[in-house]
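Inside the fold
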Amino acid sequence: MTYVRILTVLLLSSITLTCAQEMKTGFLQREIKSNGQTFCYQVFVPEEFTRTKKWPVILFLHGAGERGTDCESQTQVGIGPAIRRHLAEFAALVVMPQCRPDSVWIGAMEEQALAALDQTMAEFNGDPQRTYLTGLSMGGYGTWYLAARHPGKFAALAPVCGGIIPPPGRLFPLHALTLVPSDQPHASIARKIGKTPVWIFHGEADPVIPVVESREMNAALQALGGNVRYTEYPGVGHNAWDDAYAETEFWSWLFSQALAN
């Protein structure tokens, strides 16, 4: 092989490697096996991604309307559109599992979400000290529940229009209700969350999830000396997530939180 041909091969190899690396950013589909089932999830990888540094990681739990198996709907509401509006500067990994129909973020769905988080951490060098949890509506409930069941795992929480006590007539399996303490449910969940920083968002005119749910959690965390912020949007209905994820201060607050080593 001549010197020129060697240089050509090396150049082509370099171009191929660069293209392969560039393809590993943006919204990517992945699969995870959990409890004998295969689940699809998406992970957002920043444009500036490199394996030489650790990245903050957000686990996002969607609402009831995005349940399914298409592996796409969970990216269309909430955090997905917020990322797309700031694609170039969004500097975090975001894990977006999809809850199966007629299920909630409890049990098998909780386990597959955490498995997707763990797989993303390993694949993309996620930072365990800067791992965050957020969700909207049904995912807001999931945010409270997962945080209470896994204390100390997340550096900060951001439940949007969620709650503790499911609203009447809404789909919540009976086994999910066992997580709701019968005595002082909001205070009980608040005690499990402890000092984890929390920013709660809710629309004042929400006709789906009563705003009192978020007010109660805010009061319960404050009473226990928790690290909590509360934002209630006057006149806003159930869709508080567009406002919440558009809060510039929210992202700087979120990424400033870290677990102790």
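Shown above is the structure to which this text applies.
Definitions and limits used
Sequence order as written defines the numbering, with residues in each chain counted from 1. Predicted model: local features are reported for residues with pLDDT of at least 70 only, side-chain atom pairs are reported and counted for 80 or more only, and whole-chain, interface and lining totals are derived from all residues. Values reported for side chains reflect all heavy atoms of the structure, with hydrogen atoms and water molecules removed beforehand. Secondary structure elements are taken from DSSP: a helix is a run of H or I of four residues or more, a strand is a run of E of two residues or more, and numbering for both begins at the N terminus. Here the term buried applies to any residue with accessible area under 20% of the maximum for its type, exposed to any over 50%, and partly exposed to those in between, with areas from a 1.4 Å probe on protein chains only. Contacts are assigned to residue pairs that have any heavy atoms within 4.5 Å of one another. Here the accessible surface of atoms and residues is derived via Shrake-Rupley with a 1.4 Å probe, and residues count as covered only by protein chains that are part of the display. We define a nonpolar core as any set of buried Ala, Val, Leu, Ile, Met, Phe, Trp, Tyr and Cys residues linked to one another through side-chain atoms lying within 4.5 Å. Axis definition: a line fitted to C-alpha atoms, over the contacting stretch in the case of helices. Angles run 0 to 180 degrees between N-to-C directions. Roughly parallel means an angle under 35 degrees; roughly antiparallel, over 145; roughly perpendicular, 65 to 115; everything else is oblique. Handedness of a helix crossing follows the sense of rotation of the near helix relative to the far helix, less than a right angle counterclockwise being left-handed and clockwise being right-handed. Note on residue categories: nonpolar means Ala, Val, Leu, Ile, Met, Phe, Trp, Tyr, Cys or Pro, charged means Asp, Glu, Lys or Arg, and polar means any other residue, Gly included. Strands pair, by our definition, only if DSSP identifies at least two bridges between them. Look down the strands so they point away from you; if the path from the first strand over the helix to the second goes clockwise, the crossover is right-handed. Basic side-chain nitrogens of Lys or Arg form a salt bridge, by our definition, when they fall within 4 Å of a carboxyl oxygen of Asp or Glu. Each polar contact in these results corresponds to two N or O atoms within 3.5 Å; when the atoms are within protein, one needs to be able to donate a hydrogen and the other to accept it, and residues that are neighboring in sequence are counted only if both atoms are side-chain atoms. Multiplying one less than the number of residues by 1.5 Å gives the expected span of a helix.

**Quick look at the overall build of the protein chain**
Per the secondary structure count, the protein chain includes 9 helices and 8 strands. With 261 residues in all, the protein chain has 51% of them scored as buried. Contacts in the protein chain between residues at least 24 apart in sequence constitute 73% of all its contacts with a sequence separation of at least 6. Counting every atom, the protein chain has about 11,900 Å² of accessible surface; 55% of that belongs to carbon and sulfur.

**A word on the nonpolar core**
In terms of nonpolar packing, the biggest core is built from 47 residues, with L59 and L221 touching the most fellow members. It is helix α3 (residues 108-124) that contributes the most residues to this core, 8 residues altogether. Here L221 is in contact with W144, A190, I193, G194, V198, I200, G226 and V228, once residues within four sequence places are set aside. Counting residues in hydrophobic clusters, the runner-up holds 29 residues, among them A92, A156, F201 and L254.

**A few points about the packing of helix α4 (residues 138-149) against helix α6 (residues 185-193)**
Packing of α4 against α6 brings their axes to within 8 Å, and their N-to-C directions diverge by 55°. In terms of axis orientation, α4 runs oblique to α6. Our pair here, α4 against α6, has a crossing hand that is left-handed. For the pair α4 and α6, the contacting residues are W144, A147 and A148 in the first and I189, K192 and I193 in the second. Across the contact of α4 with α6, the residue classes tally to 5 nonpolar, no polar and 1 charged.

**Things to note about the pairing of strand β7 (residues 198-203)**
β7 sits mainly inside the fold: 6 of its 6 residues count as buried. Across 2 bridges, strand β6 (residues 156-160) lies against β7 in parallel orientation. The residue of β7 that forms the bridge with V160 is F201. Strand direction decides the pairing type here: β7 and strand β8 (residues 228-233), joined by 6 bridges, are parallel. Bridge pairing links G203 to Y233 in β8. Crossover handedness for the path β7 to helix α7 (residues 211-223) to β8: right-handed.

**Quick look at the pattern of salt bridges**
Taken as a whole and assessed by the stated rule, the structure comprises 6 salt bridges. Note that E110 and R149 form a salt bridge whose closest N and O atoms lie 2.9 Å from each other. In this pair, E110 sits in helix α3 while R149 sits in helix α4, placing the two residues 39 residues apart along the sequence.

**Remarks on unusual backbone geometry**
Residue D102 is not a glycine yet carries a positive backbone phi of 60°. Within the secondary structure, D102 sits in the loop between β4 (93-97) and α3. You will see that N125, though not glycine, has its phi angle at about 60°, which is positive. Topologically, N125 is positioned in the loop between α3 and β5 (126-136).

**Considering the sheet that holds strand β1 (residues 26-34)**
An order of β1-β2-β4-β3-β5-β6-β7-β8 is seen for the 8 strands of this open sheet, with the pairing classed as mixed. Single-partner strands in this sheet number two, and they are β1 and β8. On average, each strand axis in the sheet is tilted by 20° relative to the strand beside it, whichever way the strands run. With 5 bridges connecting them, β5 and β6 associate as parallel partners. Bridge pairing in β6 places L136 opposite V160. Across the sheet, helix α9 (residues 248-255) lies against β3 (55-61), β5, β6, β7 and β8, angled at about 155° from β7, the strand it touches most.

**So, the environment of N239**
Note on placement: N239 falls in the loop between β8 and α8 (241-245). For the pair N239 and V208, spaced 31 residues apart in the sequence, the C-alpha separation amounts to 9.7 Å. Polar contacts involving the side chain of N239 include one to the side chain of W241, which spans 3.0 Å.

**A word on α7**
Under the 1.5 Å per step criterion, the end-to-end length of α7 is 19 Å for 13 residues, consistent within 8% with the ideal 18 Å. Residues V211, E213, S214, M217, N218, A220 and L221 constitute the buried set of α7. Those residues of α7 hidden inside the fold are in contact with α4, α6, β7 and β8. Looking one or two residues beyond α7, the residue adopting positive phi is G225, at roughly 75°.

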